[in-house]
Amino acid sequence: MKVDTNLFRNWLLIGLMLTMSLSCKKEAKAVEPSNLQLVANVSTDGSGRVDFVATATNADRYYFSFGQGSNESIRSNDGKAFTIYTQGGSYTVKVTAYSSSDKSIELTKKITVDIDEVIDNTGYISPETYPGMTLVWRDEFNGDALDAQFWNFEEGNGVEGWGNWELQYYRKENTRVHNGYLTITAKKESYGGKEYTSSRLTTQDKKEFLYGRIDFRAKLPKGQGIWPAFWALGANIRTSPWPFSGEIDIMEMVGGGPGKDNTVHGTVHYEDGGHKYIGGSTTLTSGDFYDKFHVFSLVWTATSLKWYVDNVEFYTFDTTGANKDEFRRSYFLLINLAVGGNWPGAPNANTVFPQKYIVDYVRVFQ
């Protein structure tokens, strides 16, 4: 039989091409993206800008959704993208990585954005002089960072939630100094095994005081489980453990609606045959401490402690007697915003995050 060699060659070529095509399809089918990672760099300048970098093995393009709208989808061939958020808050960002064979993998990440909001300075402003007293120390928070000459960060969750079963993890990143204000932000975010983050500051080993007047101007956060405080501990706490060292709570607010968000407390803790504590409170006639700035003050002498809000006294504690000598020693200051704890209880579904504790100044007169 005579064979047409040209026809044979053509069939052979077609067969080879079909084999190569099937092989290529199998190889394309096998290429899938993996190891997807997403890094979010949130700007700290208050602009709301966040830069994203996504990486994945076998990926040749990425699609981003920034959590601002259902129709949002931004393509990036190199895995880099950015957006500017116009409102502060928590957002869920999604990135989808595609391979050349259109296989995909996706990842979500929750971020919190702080916007450089204009702070309403409405509220009581205390004088910068008092008869018979001299201003010996002040921090007006006029820089762009917390002054390390005066302040320390205490980080973590302490022992038993700082002794109060608090629920947050304290971080430096939750503190900001900008435009003349110190702002501590409590966030609902997972970190260090906790569901919330915030900040705690002290002047321990840097600034200590014995007697005088302390003025603290601040605008408070609010909500169930929110617990801002401005307070003082005995400087000898390392050698005389609490409560032997003493504690003066200049201002505490236990948030949670009417009767709480509008009420602040002043308290002392000391040792007298066991832990003793006593204090008083005051409630605004209208509004909450969230609405505007107020000045929380302590006037401290060798015989008494007196608490004020907007220069109106609401509680006095007699410190005379040998059983109260804790209050005739030097103290350092603390500012913190706790979330949860054995006094306020945990946040609930009505608690809004983030919450901000905004401080205008701290001044000490003697």
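Basis of the calculations
Residues numbered from 1 in each chain as written. Predicted model: local features only at pLDDT ≥ 70, side-chain atom pairs only at ≥ 80, totals over all residues. Heavy atoms only, no water. Pairing = 2+ DSSP bridges. Helix = DSSP H or I, 4+ residues; strand = E, 2+ residues; numbered from the N terminus. Axes fitted to C-alpha atoms, helices over the stretch in contact; angles between N-to-C directions. 1 Å grid on protein atoms, 1.4 Å probe; cavity = no way out; pocket = protein on both sides within 12 Å on 5 of 7 lines; lining within 4 Å. Points joined across faces, edges and corners; volume = space filled by probe spheres on them. Salt bridge = Lys/Arg side-chain N within 4 Å of Asp/Glu carboxyl O. Buried < 20%, exposed > 50% of the residue type's maximum accessible area, 1.4 Å probe, protein only. Phe/Tyr/Trp six-rings, centres within 6.5 Å; stacked < 30°, edge-to-face > 60°. Lys NZ or Arg CZ within 6 Å of the ring centre and 35° of its normal. Nonpolar A, V, L, I, M, F, W, Y, C, P; charged D, E, K, R; others polar.

Novice: I keep staring at the sheet that holds strand 1 (residues 34–42) and nothing clicks. Help me out?
Specialist: Note on sheets: strands pair through backbone hydrogen bonds, and any given pair is parallel or antiparallel. With antiparallel pairing, the three strands of this open sheet are ordered in space as 1-2-5. At either end of the open sheet lies a strand with only one pairing partner, and these are strand 1 and strand 5 (80–84). Direction aside, neighbouring strands of the sheet carry axes that sit 20° apart on average.

Novice: Looking at this structure, I do not really get empty space enclosed by the protein. What am I missing?
Specialist: Gaps between atoms show up when a probe of the same size as a water molecule is rolled over them. Counted under the stated rule, the structure contains one cavity of 30 Å³ or more. If you add up the space inside the largest cavity, you get close to 30 Å³. Elements that contribute at least two residues to the lining of the largest cavity include exactly strand 21 (294–300) and strand 24 (331–339).

Novice: Hey, could you run me through the pattern of salt bridges in this one?
Specialist: Where side chains of opposite charge bring their charged atoms close, a pairing between them can arise. The final tally for this structure, using the stated rule, is 16 salt bridges. Between R171 and E173 there is a salt bridge, with the nearest N and O atoms lying 3.5 Å from each other. The salt bridge partner of R217 is D360, with a shortest N-O separation of 2.8 Å. Of this pair, R217 sits in strand 16 (residues 212–219) while D360 is found in strand 25 (residues 355–365), placing the two residues 143 residues apart along the sequence. The same class applies to R217 and to D360, which are both buried. What emerges from the salt-bridge pattern is a single network uniting E128, R138, E140 and R363.

Novice: Mind showing me how you'd approach the packing of aromatic side chains here?
Specialist: Here a ring pair, both rings aromatic, is described through the centre-centre distance and the interplanar angle of the planes. All chains considered together, the criterion is met by 25 aromatic pairs. Seen in terms of ring centroids, F52 and F66 are 5.2 Å apart; in terms of plane orientation they differ by 20°. Their pairing is stacked. Highlighted residues: F52 in strand 2 (residues 49–57) and F66 in the loop between strand 3 (61–65) and strand 4 (74–76), separated in sequence by 14 residues. A relative accessible area of 2% places F66 in the buried class. Relative to Y91, the ring of Y85 has its centre 4.2 Å away and its plane inclined at 35°; by these criteria the two rings are tilted. Of the two residues, Y85 and Y91, both sit in the buried class. The ring of Y191 has R171 sitting right over it, with the charged end atom 3.8 Å from the ring centre. Between the NZ or CZ atom of R363 and the centre of the ring of Y361, over which it lies, the distance is 3.6 Å.

Novice: What is the right way to read the layout of surface pockets from this model?
Specialist: Volume-wise, the largest pocket comes out at about 930 Å³. Taken together, 36 residues form the lining of the largest pocket, with S43, T44, D114, E173 and K187 sitting closest to its centre. Taken together, the elements giving at least two residues each to the lining of the largest pocket come down to strand 1, strand 7 (104–113), strand 11 (175–178) and strand 12 (181–191). At seven residues, the largest contribution of residues to the lining of the largest pocket is made by strand 12. Taken together, the residues that form the lining of the largest pocket break down as 11 nonpolar, 11 polar and 14 charged. Considered as a void within the structure, the second largest pocket measures approximately 730 Å³ in volume. Along the walls of the second largest pocket sit 27 residues, with W162, N164, W231, W242 and E247 positioned nearest its centre. For the lining of the second largest pocket, the secondary-structure elements that each account for two or more residues are helix 2 (161–165), strand 17 (226–234), strand 18 (247–252), strand 19 (263–271), strand 20 (275–283) and strand 24. In terms of residue class, the lining of the second largest pocket is made up of 13 nonpolar, eight polar and six charged.

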